[in-house]
Amino acid sequence: MGKVKSKRHILSKWKKTCALIPNARIRRFIPDTEKMTRASLKQMLSQFQMVYIKPDVGTYGHGVMRVEMEADRSQLVYRYQSGLEIKRFATYDEMYDSIKEKTKNRLYLVQMGIHLARYRKRRFDIRVMVQQSPSKKWETTAMIGKVGDPKKVVTNIHNGGTPTAVEAVLSAYLPKDKQQELIAYLKRLGTLTAKQLHSKYRGIKEIGLDVALDKNMNPWLLEVNTRPDPYVFNKLKNKSMYRKVYRYAKAYGRV
Ligand SMILES: Nc1ncnc2c1ncn2[C@@H]1O[C@H](COP(=O)(O)OP(=O)(O)O)[C@@H](O)[C@H]1O
Ligand SMILES: [Mg+2]
């Protein structure tokens, strides 16, 4: 049991993960996550073949890399992508040395990779916005699809991603009624996550969940932001979500 804190923003992804893990109803959605070391990356890679590594403190997908291991004619080969750059290696240790040149001494996390569902061939994930209402209740106020740049391994809007209506990104996978079911489910995951994080960090007023959907439409919680961008919701034609996000953000003094 960690101490209860009054901070409004928590930057460390590791700390936020540790605050969520004790809740079994949330833990089941969190892909295996470890602090990155030469040994932990190797172990996770042999377990999952594809993993993501990310700075413990970072935003906009900066420094996030996709790392893969593949058998090529009974020989293992390794590669990673960082930004637009893809590098290949014959041995794990060569790859790790190259990764370390980029990550330097910053703490990195390694996470089981999710094969994201696609919209028009591009990977997407979902931003779920959860806010404290003016009457101090947790409410999921908005949701948006983030469709990644085809040349990148991240979907962030500030990294080439395109904000897209959730119904549009789900349409190729689910009929209308099932879309609404999934949306309702993600809304509950949002408020559940907010309450859990708020129980450890009492200053939190808003969170933004990055939820991946795999090809079977199973949700995975990739990260939780405590300073989510309210303006992405202004990119949609329908302004009703944005108006609510803005009104709530104004009530707790964010905008
Ligand atoms: N485990 C993962 N599996 C698949 N894609 C991931 C994974 N982790 C991150 N990503 C991709 O990278 C993006 C950025 O990662 P994220 O953890 O949200 O860090 P940031 O704080 O930089 O946004 C995600 O929105 C997603 O597109
Ligand atoms: Mg993110």
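Being a predicted model, the structure only gives us computed values, none of them experimental.

A.B. asks: I keep staring at the coordination of the magnesium ion (ligand 2) and nothing clicks. Help me out?
C.D. replies: Each donor-metal-donor angle would ideally measure 109.5 degrees in four-coordinate tetrahedral geometry, or 90 or 180 degrees in six-coordinate octahedral geometry. Within the first shell, the magnesium ion (ligand 2) binds the protein through D210 (OD) and E223 (OE), at distances of 2.0 Å. Within this pair, whereas D210 is found in strand β11 (residues 206–213), its partner E223 is found in strand β12 (residues 219–225), the two being separated by 13 residues in sequence. We note that D210, like E223, is buried.

A.B. asks: How do you make sense of helix α3 (residues 38–48) when you look at a structure like this?
C.D. replies: Each turn of an α-helix holds 3.6 residues, which means side chains three or four residues apart point in the same direction. All buried positions along α3 are accounted for by S40, L41, M44 and L45. Each buried residue of α3 lies within a common arc of 130° when the element is viewed along its axis, so the set occupies one face. In this structure, the buried residues of α3 make contact with β1 (33–35), β2 (50–55), β3 (65–72), β4 (75–82), α4 (92–103) and β6 (108–112). Of the residues trailing α3, Q49 is marked for its positive phi of about 65°.

A.B. asks: Looking at this structure, how should I read the sheet that holds β4?
C.D. replies: One key point about sheets: their strands pair by backbone hydrogen bonds, in either a parallel or an antiparallel sense. Pairing within the open sheet is antiparallel, and its 6 strands lie in the order β1-β6-β2-β3-β4-β5. Each edge of the sheet is formed by a strand with only one pairing partner; in this case those strands are β1 and β5 (85–89). With strand direction ignored, the average angle separating the axes of adjacent strands in the sheet is 25°. Pairing of β4 with β5 involves 5 bridges; the strand directions are antiparallel. Along β5, the bridge assignment pairs S82 with E85. Packing against the sheet, helix α1 (residues 13–20) makes contact with β1, β2 and β6, and its axis sits at approximately 135° to β1. Sheet contacts for α3: β1, β2, β3, β4 and β6; angle to β2, the most-contacted strand, approximately 145°.

A.B. asks: Any chance you could explain unusual backbone geometry here in plain terms?
C.D. replies: Glycine aside, residues mostly have negative phi angles, and peptide bonds mostly take the trans form. You will see that K121, though not glycine, has its phi angle at about 70°, which is positive. Structurally, K121 is set in the loop between β7 (118–119) and β8 (122–132).

A.B. asks: Help me understand the packing of aromatic side chains in this model?
C.D. replies: Any aromatic ring pair is given by two values, namely how distant the centres are and how the planes are angled relative to each other. Applying the stated criterion across every chain yields a total of 7 aromatic pairs. Between F124 and Y173, the aromatic rings sit 6.5 Å apart at their centres with planes inclined by 65°, giving edge-to-face as the arrangement. Of this pair, F124 sits in strand β8 while Y173 sits in the loop between α5 (166–170) and α6 (176–200); the two residues are 49 residues apart in sequence, bridging distant segments of the chain. Its relative accessible area of 0% is what places F124 among the buried residues. A relative accessible area of 29% places Y173 in the partly exposed class. Cluster of aromatic residues (ring-pair linked, three or more members): Y78, Y92 and Y96.

About the criteria used
- Residues numbered from 1 in each chain as written.
- Chains lettered and ligands numbered in written order.
- Predicted model: local features only at pLDDT ≥ 70, side-chain atom pairs only at ≥ 80, totals over all residues.
- Heavy atoms only, no water.
- Donors = N, O, S within 2.8 Å, 3.2 Å for Na, K, Ca; no water.
- Helix = DSSP H or I, 4+ residues; strand = E, 2+ residues; numbered from the N terminus.
- Buried < 20%, exposed > 50% of the residue type's maximum accessible area, 1.4 Å probe, protein only.
- Arc of directions from axis to C-beta.
- Contact = heavy atoms within 4.5 Å.
- Pairing = 2+ DSSP bridges.
- Axes fitted to C-alpha atoms, helices over the stretch in contact; angles between N-to-C directions.
- Phe/Tyr/Trp six-rings, centres within 6.5 Å; stacked < 30°, edge-to-face > 60°.

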